[in-house]
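Commentary on secondary and tertiary structure
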Amino acid sequence: MAAAAAGGRRCRRLEGEAARAALGAAEALLFDCDGVLWRGEAAVAGAAAALGRLAAAGKRLCYVTNNSSRTRGAYTEKLRRLGFPPAEPRHVFGSAYCAARYLRQALPPGAAAYVLGSAALGAELEAAGVPHLGPGPAALPGPAPADWAQAPLDPAVRAVLVGFDEHFSYAKLCLALRYLQRGGAACLLVGTNRDHRLPLEGGAAIPGTGCLVKAVETAAEREAFIVGKPNRYMFDCVVSEFNIDPARTIMVGDRLDTDILMGNNCGLTTLLTLTGVTTLEEVKGHQESDCPARQSLVPDYYVDSIADLLPALGD
Amino acid sequence: MAGCRRLSGAGLREVLGPAQGLLFDCDGVLWAGERAVPGAPELLERLRRSGKATLFVSNNSRRSVAELERRFSRLGFRGVRAEQVFSSAFCSALFLRQRLLGNGGGDGDGGPGRIFVLGGEGLRGEVRDAGLRLAGEGEPSSGAAEPVRAVLVGYDDQFTFAKLAQACGYLRDPQCLLVATDPDPWHPLSDGQRTPGTGSLTAAVETASGRKALVVGKPNTYMFDCIVERFGVDPSRTLMVGDRLETDILFGKNCGLSTILTLTGVSRLEEAQAYMASDSAAAKDLVPNYYVDSIADLIPGLDD
């Protein structure tokens, strides 16, 4: 009832005439990567071919990923390695790159960021010209918390940036809190994304960046500005680079609460692929609920795999 | 709703007179860092002479009860015995013991199992003293070893991403409990800076595992249950004295105790007044009945 009344999205299988029409009308497609184009190091069968046909048809292809542990350069290299159409770094919108863009624009000149994150995040900040300190293991001035709380604070720091950080520790959390407390509202708190888990092959998972963001938010008793999906900042980055029209853009993803939600919120056509973390049952559950928040997780269309688009892209 | 009235003069005697006992938080109430709050040892002495019970209930999960007993003595508080002290470390160990050993041993498939503790030696010692076994760091999350039946999150200044990942591995088993010693987001340092508390680490584990932790410490009432079990206090004749509105004062409210906020610690009077002025029902529960600048101000309320 609620779905029809609200003109809600219907999650129809994208095939046949509907597929030809939707793909024909689209000028640009934004792709999430993990679970859509590849799983780990293995490309989804037929995905490269589908993207090849889309590129040949003149569609703008961009890649939008919450993963903050790789640079745009590393993504273009992976796309090349797995046989996808040639891409340049400017086509890739990773949360590390977008966080660096955000800070370049939000920080006063000369201000630095204290970073809980990977070398890749540091590299993107470097490339964006944002002074920063922090990636890697904490440099501890002594063995005890009492020592850490006395370590001098860099006077230039006006932001704390939290990304995926396998060197995350209490000492780094402590330092982040000290910067946030010193700066108050004048010190930005930015997170690359809220994903709580990174799936690995075989069903296991490791904690995601969202856990680290939550730790900092809890200690500091404030909320971070989140760069990644489902928030719209990454989409704004795509628009500023390529001037795409939301009404002629399709967002393709495998997660409802990041890819599809962002796409829906930004007025894009949304396409769910089932090669990643989401099942059709989950979507049905949201569709049948009366809750508007859950309704906004429902995509316009779905496919079992993006390889299913090939028939609609034939010549 | 509680009135947040300054306790002084005749009011002091009216409130303290009928009280049979007082529960005190420790950090920010009795001491700040390595310094006793001036007059605090004398207050406890006078309470003892007046025949009032004094008990201590602390969310600080760093120290064992034995360490706390020595701390009391070192800071000039005479005659405080371990049995009067209820720390979140001790109570968490008790909680786990009851849940895992309480029904005559585990869930049937081989004993109570092990506990993965995110915390220091004080906390680990309390868990061992409760008769429970600890899982080591860096061990694989599954395999032939005795299953891990609980992850216990406490104040852990050696917390790492690797330990977070290890904890999540154990928590994939829905039978594995997730317990936190306390919810405190941060603690004050003597120079006014803040250091992250258990609450921030628990938030990371909850987010990664998709589970909610059972929180032993204030404002939850489990520690009061431990106190009642050992001493049988009457809430209507017991006062709760603390410095943190969101834990101590709410704890008092939840346990049916009258509450006194002391201003030598975390919370400011303005915060209590803001809660009082708020429209939210939850905020009103954070308003203390009374406040004092320091617990030394309670001394005149006692007979000589």
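Everything discussed here concerns the structure shown above.
Small disclaimer: the values here were computed from a predicted structure and weren't measured.

1. Side note on the overall build of chain A
- Counting secondary structure elements, chain A contains 13 helices and 16 strands.
- Computed over its C-alpha atoms, the radius of gyration of chain A comes to 21 Å, within 12% of the 20 Å expected for a compact globule of 315 residues.
- For chain A, the C-alpha atoms occupy an extent of roughly 65 × 45 × 40 Å along the three principal directions.
- When the 315 residues of chain A are sorted by exposure, 54% land in the buried category.

2. Overview of the packing of aromatic side chains
- Under the defined criterion, the tally for this structure stands at 22 aromatic pairs over all chains.
- Between Phe-225 of chain A and Tyr-233 of chain A, the ring centres sit 6.1 Å apart and the planes meet at 80°, which makes this aromatic pair edge-to-face.
- Residue Tyr-233 of chain A is classed as buried on the basis of its relative accessible area, which comes to 13%.
- Aromatic pair Phe-86 of chain B and Phe-231 of chain B: ring centres 6.2 Å apart, planes at 75°, arrangement edge-to-face. Note that Phe-86 of chain B is positioned in strand S6 (residues 85–87) and Phe-231 of chain B in helix H8 (residues 222–231), a separation of 145 residues in sequence.

3. Concerning the interface of chain A and chain B
- Contact residues are listed per partner, giving 29 residues for chain A and 29 residues for chain B.
- Taken together, the two surfaces of chain A and chain B that pack against each other cover about 2300 Å², and 63% of this comes from carbon and sulfur.
- On the chain A side of the contact with chain B, Tyr-170, Gln-181 and Pro-207 of chain A bury the most area, a combined 26% of that side's loss.
- Applying the counting rule to chain A against chain B returns zero salt bridges.
- When contributions to the side of chain A that touches chain B are tallied by element, the ones reaching two or more residues are helix H7 (145–148), helix H8 (170–183) and helix H9 (209–220) of chain A.
- Broken down by element, the residue count for the side of chain A that touches chain B peaks at seven residues, all from H9 of chain A.
- Partitioning the side of chain A that touches chain B into residue classes produces 16 nonpolar, seven polar and six charged.

4. A short note on the nonpolar core
- Membership of the largest hydrophobic core comes to 67 residues, with the highest contact counts inside it found for Phe-24, Leu-30 and Phe-77 of chain B.
- Among residues more than four places away in sequence, those in contact with Phe-77 of chain B are Leu-30, Trp-31, Ala-36, Ala-40, Pro-41, Leu-44 and Phe-72 of chain B.
- Judged by nonpolar contacts, the second largest core, of 53 residues, contains Phe-168, Ala-171 and Ala-219 of chain A together with Leu-164 of chain B.

5. Topic: the environment of Leu-75 of chain B
Residue and element names in this part refer to chain B.
- Within the element layout of this structure, Leu-75 appears in the loop between helix H3 (65–74) and S6.
- Residue classification places Leu-75 among the buried positions, given a relative accessible area of 11%.
- The sequence separation of Leu-75 and Glu-271 amounts to 196 residues, and the corresponding C-alpha distance is 29 Å.
- Excluding residues that lie within four positions of it along the chain, Leu-75 makes contacts with Trp-31, Gly-33, Glu-34, Arg-35, Ala-36 and Pro-41.

6. Let's talk about the sheet that holds strand S14 (residues 249–253) of chain A
- Pairing within the open sheet is parallel, and its seven strands lie in the order S1-S16-S15-S14-S2-S5-S6 (chain A). Edge strands, defined here as strands with exactly one partner in the open sheet, are strand S1 (12–13) and strand S6 (92–94) of chain A.

What counts and how
Residues numbered from 1 in each chain as written. Chains lettered and ligands numbered in written order. Predicted model: local features only at pLDDT ≥ 70, side-chain atom pairs only at ≥ 80, totals over all residues. Heavy atoms only, no water. Helix = DSSP H or I, 4+ residues; strand = E, 2+ residues; numbered from the N terminus. Rg over C-alpha atoms; globule rule 2.2 N^0.38 Å. Buried < 20%, exposed > 50% of the residue type's maximum accessible area, 1.4 Å probe, protein only. Phe/Tyr/Trp six-rings, centres within 6.5 Å; stacked < 30°, edge-to-face > 60°. Contact = heavy atoms within 4.5 Å. Buried area = accessible area lost by both parts, 1.4 Å probe. Salt bridge = Lys/Arg side-chain N within 4 Å of Asp/Glu carboxyl O. Nonpolar A, V, L, I, M, F, W, Y, C, P; charged D, E, K, R; others polar. Core = buried A, V, L, I, M, F, W, Y, C linked by side-chain atoms within 4.5 Å. Pairing = 2+ DSSP bridges.

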